[in-house]
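If you want the building blocks of each chain, they are given just below.
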Amino acid sequence: MKKVYLIIVFLFSAIMVFGQGTMEEAKRCLNQKEYDKAVRIFQALADKGEVEAKFYLARCYTFGQGVPQDYSKAVYWYKKAAEQDYAKAQCNLGVSYHNGHGVPQDYSKAVYWFEKAAGQNFAQAQFNLGACYEKGQGVPQDSSKAVYWYKKAANQGYASAQFNLGNSYVKGEGVPQDYSKAAYWYEKAANQDYALAQFNLGNSYVKGEGVPQDYSKAAYWYEKAANQGVALAQFNLGNSYVKGEGVPQDYSKAAYWYEKAANQGVALAQTNLGFCYEKGEGVSQDYSKAVYWYKKAANQGDASAQFNLGNSYANGEGVPQDYSKAVYWYEKAANQGVAPAQNNLGSCYGAGRGVPQDYSKAVYWYEKAAAQNYDLAKKNLDKLKRNKR
């Protein structure tokens, strides 16, 4: 009878374990987005002290998977797991303190938990600790210690650390400036599809910093980053197609990439796209669209766009002719030192177009442009002075 009793207990226990579920089953449910079921299993296992389940339960609360998003409960479970020396939980608890999610923001406590996890060789925590030292968050700012921790994480293949380490070598912060080592680490991160590293590596090849100058490789990496939406990479790739550097010259492709960057608010791309529409390069000539993009860039303070917009108003291209508005934009560009704008502004004052005629102001702006060796301004200044004799 005793043997039968033991068999029954064994079978009953087996059924109970199966009903509770295992970590493997919970993770499978999580991956398949069966969040409610995953949470039930994580909760049951966490209540029994399973450290990994505590961590995953905290993550569910962090992201609102199977439970309402609740940073406080996430912190509760991260702490439970962190106190059992679970590195991932220690790192995420540090992030909670760093961002003030579920707890008051406290950089010192963030650093405390990052150090705990970093000491277990957890790469993400090493990176986070490096960032704290770089920015002086929770610790005195220390570029050398930042580099120390970035290297720890970078050597484990952590792409963000590889990128930041590359930046450290470019700037000479915490290490002697070394463009070769910067390019080395950028390439490590770039090969993991880290978009900003791809962009920076493209810049390295354009400038020949740390690598032989190679426009083809620059265009290759710019395109990688551009396809991930890095606006400045899109702009630089557009420039590559305009100049035919590293790629065959192609104004259509240039306009395509300028538009991508322009739609993300890059003023220089907006100016260049406006120019494409003004000249009909890579797109059908369209003065209205040229003005549209010039305005976008001009309102961001781009001097070339302000000058071009002034020309549009002076010539009545894409907008009704309006010398007052032309003067307005010429003056914006002139005050930023654009010599042709200074010359045109001088002409407006000399002829009384858009402003009252004013000989002294005409001379003033012609002299500004002439001082920059703008030949047309020199000629206009000489002509104006002769006519006044």
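Scoring rules and cut-offs
- Residues numbered from 1 in each chain as written.
- Predicted model: local features only at pLDDT ≥ 70, side-chain atom pairs only at ≥ 80, totals over all residues.
- Heavy atoms only, no water.
- Helix = DSSP H or I, 4+ residues; strand = E, 2+ residues; numbered from the N terminus.
- Buried < 20%, exposed > 50% of the residue type's maximum accessible area, 1.4 Å probe, protein only.
- Expected span 1.5 Å × (residues − 1).
- Contact = heavy atoms within 4.5 Å.
- Polar contact = N/O pair within 3.5 Å; in protein donor to acceptor, adjacent residues only side chain to side chain.
- Phe/Tyr/Trp six-rings, centres within 6.5 Å; stacked < 30°, edge-to-face > 60°.
- Axes fitted to C-alpha atoms, helices over the stretch in contact; angles between N-to-C directions.
- Parallel < 35°, antiparallel > 145°, perpendicular 65-115°, else oblique.
- Left-handed = near helix turned anticlockwise from the far one by under 90°.
- Nonpolar A, V, L, I, M, F, W, Y, C, P; charged D, E, K, R; others polar.
- pLDDT = per-residue confidence, 0-100.
- Salt bridge = Lys/Arg side-chain N within 4 Å of Asp/Glu carboxyl O.

1. Quick notes on the environment of W221
Okay, so step 1: For W221, the location among the structural elements is in helix α13 (residues 215-226).
Okay, so step 2: What makes W221 buried here is its relative accessible area of 7%.
Okay, so step 3: As for W221 and Y205, which are separated by 16 residues in sequence, their C-alpha atoms are 9.0 Å apart.

2. What about α13?
In an α-helix, one turn spans 3.6 residues; hence positions three or four apart end up facing the same way.
Okay, so step 1: For α13, spanning 12 residues, the distance from its first C-alpha to its last is 16 Å, which sits close to the expected 16 Å at 1.5 Å a residue.
Okay, so step 2: Among the residues of α13, A218, A219, W221, Y222, A225 and A226 are the ones counted as buried.
Okay, so step 3: On the buried face of α13, the contacting elements are α11 (179-190), α12 (195-207), α14 (231-243) and α15 (251-262).
Okay, so step 4: The residue sitting at the N-terminus of α13 and contributing the capping side-chain oxygen is D214; that oxygen lies 3.1 Å from the backbone nitrogen of S216.

3. Here we look at helix α8 (residues 123-135)
Okay, so step 1: Its 13 residues place the ends of α8 18 Å apart at the C-alpha level, agreeing with the 18 Å of an ideal helix rising 1.5 Å per residue.
Okay, so step 2: Residues of α8 that are buried include every one of A123, A125, Q126, F127, N128, L129, G130, A131, C132 and Y133, and no others.
Okay, so step 3: Summarising the contacts, the buried residues of α8 are in contact with α6 (87-99), α7 (107-118), α9 (143-154) and α10 (159-171).
Okay, so step 4: Backbone geometry just after α8 places G136 at a positive phi near 70°.

4. With respect to the environment of K260
Okay, so step 1: Within the element layout of this structure, K260 appears in helix α15.
Okay, so step 2: Overall, K260 belongs to the partly exposed group, its relative accessible area being 36%.
Okay, so step 3: Note: C-alpha distance between K260 and G229 (31 residues apart in sequence) is 8.2 Å.

5. Description of the packing of aromatic side chains
Okay, so step 1: Tallied over the entire structure, the rule returns 20 aromatic pairs.
Okay, so step 2: Between the aromatic rings of F235 and Y258, the centroid separation amounts to 5.9 Å while the plane-to-plane angle is 40°, which identifies the pairing as tilted. With F235 in helix α14 and Y258 in helix α15, this residue pair connects regions lying 23 residues apart in the sequence.
Okay, so step 3: The class for F235 is buried, based on a relative accessible area of 9%.
Okay, so step 4: Taken together, the ring pairs connect F42, F55, Y56, Y78 and Y86 into an aromatic cluster.

6. Observations regarding the side chain of E278
Okay, so step 1: Position of E278 relative to the elements: it lies in helix α16 (residues 267-279).
Okay, so step 2: Judged by its relative accessible area of 17%, E278 falls in the buried class.
Okay, so step 3: Polar contacts involving the side chain of E278 include one to the side chain of Y294, which spans 2.5 Å.
Okay, so step 4: Apart from residues lying up to four places away in sequence, E278 is in contact with Q285, Y287, A290, Y294 and E317.

7. Re unusual backbone geometry
Okay, so step 1: For K33, which is not a glycine, the phi torsion comes out positive at approximately 65°.
Okay, so step 2: Relative to the assigned elements, K33 resides in the loop between α2 (23-31) and α3 (35-47).
Okay, so step 3: The class for K33 is exposed, based on a relative accessible area of 62%.
Okay, so step 4: Even without being glycine, N121 reaches a positive phi, approximately 70°.
Okay, so step 5: On the secondary structure map, N121 appears in the loop between α7 and α8.

8. With respect to the packing of α2 against α3
What describes two packed helices is the angle between their axes and the distance between those same axes.
Okay, so step 1: In the contact formed by α2 and α3, the axes pass within 8 Å of each other and the chain directions differ by 150°. In terms of their interaxial angle, α2 and α3 are classed as roughly antiparallel. Note that α2 runs across α3; the crossing there is left-handed. Taking contact as the criterion, the partners of M23, E25, A26, K27, R28, C29 and L30 in α2 are, on α3, Y35, K37, A38, I41, F42 and L45.
Okay, so step 2: Tallied by class, the residues present in the contact of α2 with α3 amount to 9 nonpolar, no polar and 4 charged.

9. Overview of the environment of S216
Okay, so step 1: Mapped onto the fold, S216 is located in helix α13.
Okay, so step 2: With 49 residues separating them in the primary sequence, S216 and G265 have C-alpha atoms 26 Å apart.

10. Let's talk about the packing of helix α19 (residues 323-334) against helix α20 (residues 339-351)
Okay, so step 1: Here α19 crosses α20 at 140°, and the two axes come no closer than 8 Å. Relative to α20, the element α19 lies oblique. The way α19 lies across α20 gives a crossing that is left-handed. In this structure, α19 uses V327, Y330, E331, A333 and A334 to contact α20, whose residues at the interface are A341, Q342, N344, L345 and C348.
Okay, so step 2: Grouping the constituent residues of the contact of α19 with α20 by class yields 7 nonpolar, 2 polar and 1 charged.

11. Observations concerning the confidence of the model for the protein chain
Okay, so step 1: Averaged over every residue, the pLDDT of the protein chain is 94; residues scoring 70 or more account for 95%.
Okay, so step 2: With pLDDT under 50 throughout, residues 1-19 is counted as low confidence; its partners more than four residues away or in other chains account for 0 contacts.

12. Examining the side chain of N343
Okay, so step 1: Checked against the element boundaries, N343 lands in helix α20.
Okay, so step 2: By relative accessible area, which is 2% here, N343 ends up buried.
Okay, so step 3: Leaving out residues up to four positions away in the same chain, N343 has contacts with Y366, A369, Y374, L376, A377 and N380.

13. What to know about the pattern of salt bridges
Okay, so step 1: Tallied over the entire structure, the rule returns 4 salt bridges.
Okay, so step 2: Between E25 and K37 there is a salt bridge, with the nearest N and O atoms lying 3.3 Å from each other. Here E25, found in helix α2, pairs with K37, found in helix α3; they are 12 residues apart in sequence, far enough to count as distant.
Okay, so step 3: Measuring nitrogen to oxygen at the nearest pair gives 3.7 Å for the salt bridge that ties E278 to K279.

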